[in-house]
Amino acid sequence: MGKFKGFLPALIIFTVYFLIGTKGVFYIPLTAFFPLFHYYFIISLFLFVPLYLYTSKKSYPYPEQLKFLPFLIFPAAMLLWAFYYGYHYMKFVPYPADGINYLWLSKLISHGKFYLELPEFSEHYHNHFISSYREKYASVYLPGFSIFLAPFSRMGIAFLVNPALAGINTLLVGKHALKLKDTTAAIIAMSLFLFSSVHIVHGGMYFSHHFGLFLVLLSSYILVHKEKTIKNILICGLIIAPTLLMRPQNAIYLYFAFIIYLFITEKKIKYLFFFTIPFVFFGFILMGYNMLFTGNPFYFLQDAFFDVLHHRKLCHRPGFGKGCYNVFGDTLPAEGTNFKFLMGITFLRLNNFLFRITAHPGLLLFAIPAVLKKPGKYFLYYFTPLLAVFSYFFFYIEGNIGGPRYLMESGALLLIVAACGMSWSIQKLSQRGVAGKIGSGAIISFIFSSFIFFSFVLFPNSTATLPYETAPHIQIKNIIKNNNIKNSIVLLPFVFEYHPHSILTIQDNPPHDKHGNLIVYSLNIPQVDVFLDDNLRKYHKGSQYETVWIFHKKGYDFHAEEIGFLENDDRFVVEFEAKGIPSSGLPHYVIGIPPQFYGAKYGIPEPGNIPFRFMGLLVEFKEGKENWYEFQHSVINSGSYNFKLGYVAPACATGFTIEINGNKVLSTTPEIDPLKVQIVQFGGELQKGRNRFRILPQKDGCVILDYLDIALHP
């Protein structure tokens, strides 16, 4: 029976990676990159098989004092390759949103803060995945990786962190394989890790995955290869539990993988208890973090952020009936995620993993003989990545930006098993005469040709130099430095997409750069004579800022113009589509809409043609907690102000009340007309500085907000 105990796990590995990951085309590892790769392989066969037959008959003693060299060369090679990719291809641009947010949050943390108080005129600070909920300007990303990154950000060397982590992870992969098998397995494992587009790419980006992988490799090494003591078990838990502050979903599957391994191998409740303690500790920290931002220990800031942007609540969580359609609107089923849809996403992840976790998908096949031979020995190494596949099955984003990143953080464990399988196969075949040695030579040829093909064909073809000589954020920083711009307001071109000149990438001490400049977006709309920048230029005159500069963008080049401040006339303007995310409240749905917006649900006929001043903000209300929409706006002088509100009342419109700083100033019941901007004028008192405007519905329904003009009563 013992001979067959590895059959089931081997079958599961084959089914997951080579059946589901290929949609049943299980022979893809043999046909991948046909025919070009096979030419490389055939040439390698003619080179390496005779060479191996010759060298295998001789003994070449390896000096003991040089055995450290592979553990120096491979990690150094990965560090340099990742650094070169980050420098040459990415130009160390923190891009897309993940990198932008992680780096910005690390800068914020390095100055002792996890968020900013909601800035005045917060529309000029809009960025992807930055929330203003409960008047806190904060990233919806959890802070775990950014906390680690913070000291390096403060020193200005954050760009070195992931290349260094990539090198360290290469070393750890080798150390695992050395403990499990031998030096040959270690060299192969480090090679498999090194010749991998996903590891190189993430080594040159600002994503968190190499840090997560580092925690997995370090904790699993202690768990498997160090003495099982309470101290070591506790240390292992303390290393891996902080993933709760990065990706709770990862922490959960890692916890169960490690706890099951401990139970199988040790069967001691005390070990399970002490391993669990750090997870409880960091779990409370996570709940406290949630309380800080949402007032609910189990309600994340990202929940509050996505809940107002989508009709489906808690859409950004795993499970059936989930999914945020603004992210996957083209393919997400109307009822949300279902089994068929999630199987499709899982295939994408696995196929990407198969082709990008190392040089050639066929190399992963060698995990099967290792597991067949010693399933218990490699249990944690194949069970953990399998559990990751299962865990992420219920999560609707495939995560293939920069490779199969959601499966990367435990995927290296499977590479270690494959390396051990190759080492074992080469050794066993070498003991079976000439035919066996030819087989060993063929395996070596396969490995070598895969790495050469990857280096000269695959990786170069998968990288494209960015279309600018100097990265946009570096251009902007250079212009600021060369023009000696200090202690000023700097207005950057706004783009509603992920972009490398995001204000978050320019800010060194958010929201300022290292020269004391306030870095914000320009929101002028000249084509409709709306100049939102004027709000800032009036309000900050006489403040600590010396002047105002605006940057203009043409193609990929920038130039700056000094425009200065404006005299105050006590007139301010609000464009609601720019306000967007409420500063307080959780209305059912909020979205900026163009004049051409239409929809049967709202009774707006095609093609729309709503006569907005520029765009509108659709706000839907539904009875529930915090069912209101609040925004803030600032004025220079306190006093009585006149307000002119433009709004549209589609079929779902409801009457609403407006409160300013808690005082009711307007209650109106709109006339239903989906193609007319209705104007209502009213008065109210404003205080100097920021003021809170709250729109409360009289019942479930909606309103489309266009603009609000504010003027001091003469």
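Draft legend 1. Region of interest: the layout of surface pockets. Put simply, the second largest pocket is a space of about 680 Å³. Along the walls of the second largest pocket sit 28 residues, with Lys107, Gly156, Lys477, Asp508 and Lys514 positioned nearest its centre. Looking at the lining of the second largest pocket, the elements that each hand over two or more residues are α5 (97–110), α6 (144–155), α21 (472–482) and α22 (503–506). If you tally residues by element for the lining of the second largest pocket, the top one is α21, at 6 residues. Grouping the constituent residues of the lining of the second largest pocket by class yields 11 nonpolar, 9 polar and 8 charged.

Draft legend 2. Geometry of the packing of aromatic side chains. This structure, assessed with the given rule, holds 68 aromatic pairs. A ring pair is formed by phenylalanine 37 and phenylalanine 453, whose centres lie 5.5 Å apart and whose planes are at 75°; its orientation type is edge-to-face. Taken together, the residues span a long stretch of sequence, with phenylalanine 37 in helix α3 (residues 36–55) and phenylalanine 453 in helix α20 (residues 433–462) at a distance of 416 residues. Ring pairs connect the aromatic residues Tyr102, Phe129, Tyr141, Phe145, Phe148, Phe152, Phe211, Phe305, Phe306 and Tyr498, which therefore count as one cluster. When the ring centre of tyrosine 115 is taken as reference, the NZ or CZ atom of lysine 136 above it lies at 5.3 Å. Positioned over the ring face of tryptophan 628 is arginine 694, at 3.9 Å from the centre of the ring.

Draft legend 3. Broad picture of the sheet that holds strand β1 (residues 116–117). Judged by pairing direction, the sheet is antiparallel, and its 3 strands sit side by side in the order β1-β3-β2 without closing on themselves. This sheet does not close on itself; its edge strands, each paired only once, are β1 and β2 (130–131). Note: β1 against strand β3 (residues 136–139), 2 bridges, orientation antiparallel. Across the sheet, the residue bridging to leucine 116 is tyrosine 137, located in β3. In the packing of α5 onto the sheet, the strands contacted are β1, β2 and β3, and the crossing angle to β3 comes to about 125°.

Draft legend 4. Inspection of the nonpolar core at higher detail. Membership of the largest hydrophobic core comes to 214 residues, with the highest contact counts inside it found for Tyr17, Phe275, Tyr629, Leu708 and Ile710. The leading source of residues in this core is helix α19 (residues 405–430), at 14 residues. Not counting residues up to four positions away in its chain, the partners in contact with leucine 708 are Phe572, Val573, Val574, Phe576, Phe631, Phe643, Lys644, Leu645, Phe682 and Phe693. Core analysis: the next-biggest nonpolar cluster, separate from the first, contains 13 residues, Ile593, Ile610, Phe612 and Val648 among them.

Draft legend 5. Quick peek at the packing of α19 against α20. Look at α19 against α20: their axes get within 7 Å of each other, and the N-to-C directions meet at 155°. Put simply, α19 runs roughly antiparallel to α20. Contacts between α19 and α20 involve Met422, Ser425, Ile426, Leu429 and Ser430 from the former and Gly433, Gly436, Lys437, Gly439, Ser440, Ile443, Ile444 and Ile447 from the latter. Per-class residue counts for the contact of α19 with α20 are 6 nonpolar, 6 polar and 1 charged.

Draft legend 6. Quick peek at the sheet that holds strand β4 (residues 489–493). Spatially, 4 strands are ordered β5-β4-β8-β9 in an open sheet, and the strand pairing comes out mixed. Strands with a single pairing partner mark the edges of an open sheet, and in this sheet they are β5 (518–522) and β9 (557–562). Pairs of neighbouring strands in the sheet enclose a mean axial angle of 30°, with direction left out of account. When strand β8 (residues 548–554) meets β9, the two strands line up antiparallel, connected through 6 bridges. Residue phenylalanine 551 lies in a different strand from β9, and its bridge partner there is alanine 560. Strands β4, β5, β8 and β9 of the sheet are contacted by α21, whose axis makes an angle of about 30° with β9.

Draft legend 7. Representation of unusual backbone geometry within the structure. Residue proline 96 is reached from tyrosine 95 by a cis peptide bond, and omega for that bond is 0°. Following proline 510, the chain continues into proline 511 via a peptide bond in cis, with omega recorded as 5°. Mapped onto the elements of the fold, proline 511 is located in the loop between α22 and β5. Within the chain, lysine 91 stands out as a residue other than glycine whose phi angle is a positive 55°.

Reading guide: rules and limits
- What you see as residue numbers is a count from 1 along each chain, following the sequence as written.
- Note on the predicted model: pLDDT of at least 70 is required for a residue's local features to be given, and 80 or more for side-chain atom pairs to be given and counted; whole-chain, interface and lining totals, by contrast, use all residues.
- The basis for every side-chain value is the complete set of heavy atoms in the structure, and neither hydrogens nor water enter the calculation.
- The method works on a 1 Å grid over the protein atoms by themselves. A cavity is a set of points holding a 1.4 Å probe that cannot get out, a pocket is an open set with protein on both sides within 12 Å along at least five of seven lines, and residues with an atom within 4 Å of a point line them.
- Grid points are joined across faces, edges and corners, and a volume is the space filled by probe spheres set on the points.
- Strands are runs of DSSP state E lasting at least two residues, helices are runs of H or I lasting at least four, and both sets are numbered from the N terminus onward.
- Polar here means any residue outside two lists: the nonpolar Ala, Val, Leu, Ile, Met, Phe, Trp, Tyr, Cys and Pro, and the charged Asp, Glu, Lys and Arg; Gly therefore counts as polar.
- Aromatic pairs are defined between Phe, Tyr and Trp rings, using the six-membered ring for Trp, whenever the two ring centres lie within 6.5 Å; interplanar angles under 30 degrees are classed as stacked, those over 60 as edge-to-face, and all others as tilted.
- Lysine NZ or arginine CZ positioned within 6 Å of the ring centre and within 35 degrees of the ring normal marks a charge as sitting over the ring.
- For two strands to be treated as a pair, DSSP must find at least two bridges joining them.
- By definition in these notes, contact holds between two residues if any of their heavy atoms fall within 4.5 Å.
- Axes, fitted as lines to C-alpha atoms, cover a helix only where it is in contact. Angles between the N-to-C directions of the axes lie from 0 to 180 degrees.
- Residues enter a nonpolar core if they are buried and are Ala, Val, Leu, Ile, Met, Phe, Trp, Tyr or Cys, with the set joined through side-chain atoms within 4.5 Å.
- Burial classification: accessible surface area is computed with a 1.4 Å probe over protein chains only, and a residue below 20% of its type maximum counts as buried, one above 50% as exposed, and the rest as partly exposed.
- Throughout this description, any angle smaller than 35 degrees is read as roughly parallel, any larger than 145 degrees as roughly antiparallel, any in the 65 to 115 degree range as roughly perpendicular, and the remainder as oblique.

Read these as spatial facts, not as claims about activity.
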